[in-house]
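The primary structure of each chain is shown beneath.
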Protein chains: 2
Amino acid sequence: MVRHSATLAIDETLRARKAAGQRVLHLGFGEAGLPVPDEVAAALRDAAGRNGYGPVAGSPEARRAAAGWFTRRGLPTSAGQVVFGPGSKPLLYALLAALPGDVVLPAPAWVSYAAQSALVGKRVIGVPVPPEAGGVPDPERLARVLREERPGVLVLTVPDNPTGTVARAEHVRAVCELAERHGLAVLADEIYGELVHDGTPPPVSPAAWLPARTVVTGGLSKSLALGGWRIGFARVPAGPWGEELLAGVTGVASEIWSSAAAPTQAAAAYVLDDPPAVLAHVAAARRLHAAVVRAAHAAFTEAGALCRPPEAGFYLYPDLAPLRAGLAARGVDGSAALAAALLDEHGVGVLPGEAFGDEPGALRFRVATSLLYGETEAERWRALRADDPLALPWIADALDRLRAALAALTAPPARP
Amino acid sequence: MVRHSATLAIDETLRARKAAGQRVLHLGFGEAGLPVPDEVAAALRDAAGRNGYGPVAGSPEARRAAAGWFTRRGLPTSAGQVVFGPGSKPLLYALLAALPGDVVLPAPAWVSYAAQSALVGKRVIGVPVPPEAGGVPDPERLARVLREERPGVLVLTVPDNPTGTVARAEHVRAVCELAERHGLAVLADEIYGELVHDGTPPPVSPAAWLPARTVVTGGLSKSLALGGWRIGFARVPAGPWGEELLAGVTGVASEIWSSAAAPTQAAAAYVLDDPPAVLAHVAAARRLHAAVVRAAHAAFTEAGALCRPPEAGFYLYPDLAPLRAGLAARGVDGSAALAAALLDEHGVGVLPGEAFGDEPGALRFRVATSLLYGETEAERWRALRADDPLALPWIADALDRLRAALAALTAPPARP
């Protein structure tokens, strides 16, 4: 049986605990945690009359808007290269179903790549990421793997989930050159592409290095916090290889989900035209994400964790290896036990590194800080507009609770 | 490669021909062809602020509303037995993925069951439907098949697509008894359940005969013409078998599409509470579908076709067997050639029976009459509100064109 996606499962678990009156710090789920801008809500409302199925690949207006969006970001694109779906997750599934061969994933990598690969009968080859940043396999290790293995697909996540970092351009180039030499297709998941904290320069897309064989996926779930609207898109390369792949993807789509919901496609067409209100909203979101995730990073490093500084989005991937002896004394000897201890003893929900394909014995886990912005829409708007979001009482309190939990977790055990 | 779903493919083909200025009669696609009721559009608009992912199985309010909806229709249901998805098609896919064993389909059956079965690695065993009505295999033939084969799943479509008929209760009961005896799970696709022309009594759900092992799927695409909103739901049996199946379905869902779009779930919660405005709209739609599909049925039988009288929805499944000799003289010797001749020589788009798993040599095809209600929203509202929709000029003209095409198709060949 296919198990419930670990990220969605912990979200439901933690919400249920909250609803039952338990005090939990929800750091388990990558929901962007922000309200819908008025202009974007209006675009959805205006499209409430759109009830036809429409083309499987998406409405002409949404595909044109996405093509312009990619083009303005340095990847010249025509509407015919774009396909929409109800999230980028189903598009990744269809791409994995349509592309031949086994899959190379960075380790750690987002939870669903491996699960989707298993669903479509692909074997997963995990290759550790370099120390600098996650989202791409370490090029030297990948080169060694490709001497032995003949996979068909390389998945890259730029910027990365779970590490919240942006792969270095030289690593992206190196793995793309390996992909080219070994005939791999590259799936570049760029759903966090709008959320690089310093904004410029944008990360270099793998599609710039391997234009003929790179498929880029994205969506509105992270930049606009529209996860619940289920809007994703993918860009295939121009030319026959991309056309055949797109036909394969829409074939799968036509037999599973038909199309993204028409009103949400209309809203996507509005958003992807980059109107000033949207750009300003995303910029404000980026500042908020950066402020809160950096504060959480400081809390982890102060507690003795190793952790790459966050560069994009709202994730951290701390490593408590320096604290291994003390944790082992309490029976915490791997990421699952560590996540369980954080939740059961300290009310902090995180996802163990194991769920991301990392070594089960490592003391690593993913922290998402995006559900700390407030419990109500009013609080979230205030967080988004605050000059110093860390001064807002509910955010300050959450960070205090995180520090207290880490202090308790890492304190020397009390003498009996 | 997975080919584009035949129904969605012909829709895109015919719309492209129309856009290019060609005069085509679009009888190829099962889109319900009606506008969104104001109250339902308002329910979507009111939910534009809902942007969280929410539970994979659906929002508590939508699941509660669906449970009430099933309960009022004779199947007592709790919210925990319901799962929502972006259409009933993805739920059928997840159900086929989660249920063990090969699949028995009625022949003919809706195009995507077989394609989905292939995607999840299931073999399809087609069993012809009885003469009275489609959607269930002929019980005697099914009994013979089950002496040789050990499938795991039986799909029933009540009311039926492609035949537009409602399986007789005694046939539903007989195949459910066979399913019970042979340990099959039944997937009862009841998406046309609200569109039985005479309204009462409703068709007997297979879940009434085999409550412990029948999963019912439905959605808003047909009754409310909300195909483009992508709202489907499924009801699993109460008890451990249903619970485990629901966990398997949400497992697949969590790794492919996450959830149905949150604003559309809110609209579904409104619709499934059966408010008077919705019931009145569906009743008007039912009358319109019945009037137009019955007129088309008369046109086919007058032209010499065999055709079961329509009982639900907006489909016909004519058989031109009595005209085989004349058609053969023109090189038309099967359903694909027949559909091609209708489109290329007469501008009438239908789907060949072959696409539904019927014998390729049979002269059968599916006719959908639901795109004849108008080209504009204003025309569709007038059709919905008309006492005599057949008197509206665009509907009368479409039926005239159909009669003319059939006359030309079936006329004796001109002497050379």
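Since the structure is predicted, the reported quantities are computational estimates derived from the model, not experimental observations.

About the criteria used
Residues numbered from 1 in each chain as written. Chains lettered and ligands numbered in written order. Predicted model: local features only at pLDDT ≥ 70, side-chain atom pairs only at ≥ 80, totals over all residues. Heavy atoms only, no water. Core = buried A, V, L, I, M, F, W, Y, C linked by side-chain atoms within 4.5 Å. Buried < 20%, exposed > 50% of the residue type's maximum accessible area, 1.4 Å probe, protein only. Helix = DSSP H or I, 4+ residues; strand = E, 2+ residues; numbered from the N terminus. Domains from an automatic or database assignment. Contact = heavy atoms within 4.5 Å. Buried area = accessible area lost by both parts, 1.4 Å probe. Phe/Tyr/Trp six-rings, centres within 6.5 Å; stacked < 30°, edge-to-face > 60°. Salt bridge = Lys/Arg side-chain N within 4 Å of Asp/Glu carboxyl O. Polar contact = N/O pair within 3.5 Å; in protein donor to acceptor, adjacent residues only side chain to side chain. Nonpolar A, V, L, I, M, F, W, Y, C, P; charged D, E, K, R; others polar. Pairing = 2+ DSSP bridges. Axes fitted to C-alpha atoms, helices over the stretch in contact; angles between N-to-C directions.

Peer 1: Explain the nonpolar core to me, using residue names and the numbers behind them.
Peer 2: Phe 84, Leu 154, Leu 220 and Leu 320 of chain A are the most contacted members of the largest nonpolar core, which totals 105 residues. Broken down by element, this core gets its largest block of residues, 11 residues, from helix H11 (residues 276–302) of chain A. Structurally, this core is a two-domain feature, drawing no fewer than three residues from each of domain 1 (6–30 + 277–410) and domain 2 (39–273) of chain A. Discounting chain neighbours no more than four positions away, the residues touching Leu 320 of chain A are Ala 305, Leu 327, Leu 338, Leu 363, Phe 365 and Leu 409 of chain A. Formed by 104 residues, the second largest nonpolar core is a distinct cluster that contains Val 186, Val 293, Val 348 and Leu 406 of chain B.

Peer 1: How would you explain the domain arrangement of chain A if you had to name every residue and give the values?
Peer 2: All names here are of chain A. Structurally, chain A comprises domain 1 (6–30 + 277–410) and domain 2 (39–273). Put simply, the middle of domain 1 and the middle of domain 2, counted by C-alpha atoms, are 26 Å apart. Each partner contributes to the interface: domain 1 provides 30 residues, whereas domain 2 provides 35 residues. Between domain 1 and domain 2, the buried area comes to about 2500 Å², and carbon and sulfur atoms account for 60% of it. Among the residues of domain 1 in contact with domain 2, Arg 286, Arg 308 and Glu 311 are the three that bury the most area, contributing 28% of the side total.

Peer 1: Could you give an account of helix H4 (residues 88–98) of chain B, with specific residues and numbers?
Peer 2: Here H4 of chain B lies mainly inside the structure; nine of its 11 residues are buried. For H4 of chain B, the full list of buried residues reads Ser 88, Lys 89, Pro 90, Leu 91, Leu 92, Tyr 93, Ala 94, Leu 95 and Leu 96 of chain B.

Peer 1: Just give me the short version of the packing of aromatic side chains, but keep the residues and values in it.
Peer 2: A complete count under the given rule lists 23 aromatic pairs over all chains for this structure. Between the aromatic rings of Tyr 53 of chain A and Phe 29 of chain B, the centroid separation amounts to 5.3 Å while the plane-to-plane angle is 65 degrees, which identifies the pairing as edge-to-face. You can see Tyr 53 of chain A sitting in the loop between helix H2 (38–46) and helix H3 (60–72) and its partner Phe 29 of chain B sitting in the loop between strand S1 (25–26) and helix H2 (38–46), one on each of two chains. Each member of the pair Tyr 53 of chain A and Phe 29 of chain B is classed as buried. With a centroid separation of 5.7 Å and an interplanar angle of 55 degrees, the aromatic rings of Phe 84 of chain B and Phe 233 of chain B are classed as tilted. Remark: Phe 233 of chain B occurs in strand S8 (residues 232–235) and Phe 84 of chain B occurs in strand S2 (residues 82–85); sequence separation between them is 149 residues. Look at Phe 84 of chain B and you get buried, because its relative accessible area is 1%. By the ring-pair criterion, three or more aromatic residues cluster together here, those being Trp 69, Phe 70, Phe 84 and Phe 233 of chain A.

Peer 1: Which residues make up the interface of chain B and chain A, and what are the values?
Peer 2: Counting from both sides, the interface comprises 57 residues of chain B and, opposite them, 58 residues of chain A. Of the roughly 4600 Å² buried where chain B meets chain A, counting both sides, 60% is carbon and sulfur surface. Sorting the residues of chain B by area buried against chain A places Asn 51, Tyr 53 and Glu 255 of chain B first, and these three jointly supply 18% of that buried surface. At the junction of chain B with chain A, the criterion picks out zero salt bridges. Summed over the shared surface of chain B and chain A, the result is 34 residue pairs in polar contact (both at pLDDT 80 or more). Those elements that place two or more of their residues in the side of chain B that touches chain A are helix H1 (6–19), H2, H4, helix H5 (111–119), helix H9 (240–256) and helix H10 (262–272) of chain B. Among the elements that take part in the side of chain B that touches chain A, H9 of chain B stands out by supplying nine residues, more than any other. A class-by-class count of the residues in the side of chain B that touches chain A yields 29 nonpolar, 18 polar and 10 charged.

Peer 1: Before we move on, could you go through the sheet that holds strand S2 (residues 82–85) of chain A and cite the residues and values that matter?
Peer 2: All names here are of chain A. Reading across from one edge, S2-S8-S7-S6-S5-S3-S4 is the order of the seven strands in this open sheet, with mixed pairing throughout. Edge positions in the sheet fall to S2 and strand S4 (124–128), since each has one partner strand and no second. Strand after strand, the sheet turns through a mean of 25 degrees between neighbouring axes, direction not considered. Pairing geometry for strand S3 (residues 103–107) and S4, over five bridges, is parallel. If you follow Val 103 over to S4, its bridge partner there is Val 124. Together, S2, strand S6 (185–189) and strand S7 (214–219) form the strand contacts of helix H9 (residues 240–256), whose direction differs from that of S2 by roughly 20 degrees.

Peer 1: Residue-level account of the sheet that holds strand S6 (residues 185–189) of chain B, with values.
Peer 2: Residue and element names in this part refer to chain B. Taken in spatial order, the seven strands line up as S2-S8-S7-S6-S5-S3-S4 in an open sheet, and their pairing is mixed. Looking at the sheet topology across the chains shown, the edges are occupied by S2 and strand S4 (124–128). When the angles between neighbouring strand axes are averaged without regard to direction, this sheet yields 25 degrees. Of the strands in this sheet, strand S3 (103–107), S4, strand S5 (153–157) and S6 touch H5, which is tilted by about 160 degrees from S3.

Peer 1: Go over the pairing of strand S7 (residues 214–219) of chain B with me, naming the residues and quoting the values.
Peer 2: Residue and element names in this part refer to chain B. Most of S7 sits out of view: six of its six residues are buried. The alternating pattern of S7 places Thr 214, Val 216 and Gly 218 on one face and Val 215, Thr 217 and Gly 219 on the opposite face, and all of these are buried. As paired strands, S6 and S7 are joined by four bridges and run parallel to one another. What sits directly across from Asp 189, in S7, is Thr 217.

Peer 1: Describe in detail the environment of Asp 274 of chain A, supporting the description with residues and values.
Peer 2: Residues and elements named next belong to chain A. In this structure, Asp 274 sits in the loop between helix H10 (262–272) and H11. Note: C-alpha distance between Asp 274 and Trp 69 (205 residues apart in sequence) is 7.3 Å. Of note is the side chain of Asp 274, whose polar atom sits 2.9 Å from the side chain of Arg 72. In this structure the side chain of Asp 274 is engaged in a polar contact, spanning 2.9 Å, whose partner is the side chain of Arg 73.

Peer 1: Describe the pairing of S8 of chain B, and please don't skip the residues or the numbers.
Peer 2: All names here are of chain B. Residue alternation in S8 divides its side chains into two sets, Gly 232 and Ala 234 and Phe 233 and Arg 235, and both sets are buried. In this sheet, S8 lies alongside S2 in antiparallel orientation, the contact comprising four bridges. Bridge assignment links Val 82 to a residue of S8, and that residue is Arg 235. In terms of strand pairing, S7 meets S8 through four bridges, oriented antiparallel. Within S8, the position partnered with Gly 219 by the bridge is Gly 232.

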